[in-house]
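Notes for the structure review
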Amino acid sequence: MDNKIEIISFESRQQMAERVADLVEVHLSRALLERKTAQLAASGGSTPAGLYKTLAERDVAWDRVMVPLVDERWVAPGEPGSNESFVRKMLQQNKAQKAQIVGLWSDCASPSDGVDVAAEKLNDTGAELDVAILGMGNDGHTASWFPHAEGLETALSEEDGAIVAAVKAKESEVTGSHLDRLTMTLGHVKRARCVCLLITGDEKKATLQRAIERGPIEEMPVRAILNARPDIWICWAP
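The present account deals with the structure reproduced in this document. Everything numeric here is computed off the predicted structure, so don't read it as measured data. (Residues numbered from 1 in each chain as written. Predicted model: local features only at pLDDT ≥ 70, side-chain atom pairs only at ≥ 80, totals over all residues. Heavy atoms only, no water.)

**Structural notes on the overall build of the chain**
- The secondary structure content of the chain amounts to 8 helices and 10 strands.
- At 16 Å, the chain has a C-alpha radius of gyration in line with the 18 Å of a compact globule built from 238 residues.
- Expressed along its principal axes, the backbone C-alpha trace of the chain runs to roughly 45 × 40 × 35 Å.
- Within the chain, buried positions represent 54% of all 238 residues.
- Carbon and sulfur atoms make up 46% of the accessible area of the chain, which totals about 10600 Å².
- Separation of charge centres in the chain, based on 27 positive and 36 negative side chains, amounts to 5 Å. (Helix = DSSP H or I, 4+ residues; strand = E, 2+ residues; numbered from the N terminus. Rg over C-alpha atoms; globule rule 2.2 N^0.38 Å. Buried < 20%, exposed > 50% of the residue type's maximum accessible area, 1.4 Å probe, protein only. Areas by Shrake-Rupley, 256 points an atom, 1.4 Å probe, with all protein chains shown as cover. Lys, Arg positive; Asp, Glu negative; His and termini not counted. Charge placed at Lys NZ, Arg CZ, Asp CG, Glu CD.)

Structure representation (structure tokens):
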């Protein structure tokens, strides 16, 4: 791994939200000139909330923007911990009310049972990702690629046909009780035209610095996308 990967620092989280929104708007608008729909893969967590609120004020043809979830806890929309509910609340407002959210959860019995249903939903969107928004935990995970999780090897697959994987994380302060998840694979995320990793606070910055150093991917799975996309936009705010 190139240990000189650049981290773009901002003075505030709002400044980061505005500048990343500029970048996302450019990519979505360009995609909409090329085809009928654009694709913005969205992550949950508190870090991208400001970005989604800011994007919702932008003049984008949101009714033509598909917003698939990068990953999802195995809980139904409306239940605590649902990434789909979070993204709908933060993004699907103001000018972005018609953004087309594509969730990964289904009423299947488990994430493993729901993989094919989720993959079909993503395939039905009909295009590769234009932008993928990622976050990172203090354990070095991104998406639902958790350290030493069951299913991590599949989640980090780079094969063209593997776009969704079921994982079971090891319980920690980061995961809480939500261990069963679905996640986009590394191969799917890395093919996005633009990949943004948003982090906040000194602790996560220190975690990222450790991840940039060489080491086992299974210990800090965020290394997988850093390796696969050296052009990744890493944005940090205090």
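**With respect to helix 1 (residues 13-34)**
- The terminal C-alpha atoms of helix 1, which comprises 22 residues, lie 32 Å apart, in line with the 32 Å expected from a rise of 1.5 Å per residue.
- Residues Met-16, Ala-17, Val-20, Ala-21, Leu-23, Val-24, His-27, Leu-28, Ala-31 and Leu-32 constitute the buried set of helix 1.
- Where the residues of helix 1 are buried, they touch strand 2 (38-41), helix 2 (49-55), strand 3 (65-68), strand 6 (131-134), strand 9 (194-200) and strand 10 (233-237). (Expected span 1.5 Å × (residues − 1). Contact = heavy atoms within 4.5 Å.)

**Notes on the sheet that holds strand 6**
- Sheet architecture is open: 7 strands sit in the order 1-10-9-6-2-3-5, paired in parallel fashion. The sheet is open, and its two borders are formed by strand 1 (7-9) and strand 5 (100-102), each paired with just one other strand. Going from strand to strand, the sheet's axes swing by 25° on average, the running direction of each strand aside.
- In the sheet, strand 3 pairs with strand 5 via 3 bridges, with the strands oriented parallel. Across the sheet, residue Met-66 finds its bridge partner in strand 5, namely Gln-100.
- Sheet contacts for helix 7 (residues 202-212): strand 1, strand 9 and strand 10; angle to strand 9, the most-contacted strand, approximately 130°. (Pairing = 2+ DSSP bridges. Axes fitted to C-alpha atoms, helices over the stretch in contact; angles between N-to-C directions.)

**Comments concerning the pairing of strand 10**
- With respect to burial, strand 10 is a largely interior element, 4 of its 5 residues being buried.
- For strand 1 and strand 10, the ladder comprises 3 bridges, and the chain directions are parallel. What sits directly across from Ile-7, in strand 10, is Ile-234.
- Relative to strand 10, strand 9 runs parallel, the two sharing 5 bridges. Following the sheet pairing, Leu-198 is matched in strand 10 by Cys-235.

**Concerning the packing of aromatic side chains**
- The full count for this structure, using the stated rule, is 2 aromatic pairs.
- Taking 6.2 Å as the distance between ring centres and 65° as the angle between the ring planes, the aromatic pair formed by Tyr-52 and Phe-86 counts as edge-to-face. One end of the pair, Tyr-52, is in helix 2; the other, Phe-86, is in helix 3 (residues 83-91), and 34 residues separate them in sequence.
- On the numbers, 6.1 Å between centres and 45° between planes, the contact of Trp-74 with Trp-105 is tilted. Of the two residues, Trp-74 is situated in the loop between strand 4 (71-73) and helix 3 and Trp-105 in the loop between strand 5 and helix 4 (111-124); the sequence distance between them amounts to 31 residues.
- Judged by its relative accessible area of 17%, Trp-74 falls in the buried class.
- Under the relative-accessibility criterion, Trp-105 is labelled partly exposed at 24%.
- Looking at Lys-205, its charged tip hangs above the ring of Trp-236, at a distance of 4.2 Å from the centre. (Phe/Tyr/Trp six-rings, centres within 6.5 Å; stacked < 30°, edge-to-face > 60°. Lys NZ or Arg CZ within 6 Å of the ring centre and 35° of its normal.)

**Remarks on the environment of Asp-180**
- When you line up the elements, Asp-180 lands in strand 8 (residues 180-184).
- Sequence-wise, Asp-180 and Lys-168 are 12 residues apart; in three dimensions their C-alpha atoms are separated by 4.7 Å.
- Separated by 3.2 Å, the side chains of Asp-180 and Lys-168 make a polar contact. (Polar contact = N/O pair within 3.5 Å; in protein donor to acceptor, adjacent residues only side chain to side chain.)

**Remarks on the side chain of Thr-183**
- Mapped onto the elements, Thr-183 comes out in strand 8.
- Under the relative-accessibility criterion, Thr-183 is labelled buried at 0%.
- A polar contact of 3.4 Å, which involves the side chain of Thr-183, links it to the side chain of Trp-145.
- Sequence-distant contacts of Thr-183, defined by excluding residues within four places in its chain, comprise Val-70, Asp-71, Leu-104, Ala-143, Ser-144, Trp-145, Ala-155, Ile-163, Val-164, Ala-165 and Val-167.

Purely geometric numbers; function is a separate question.
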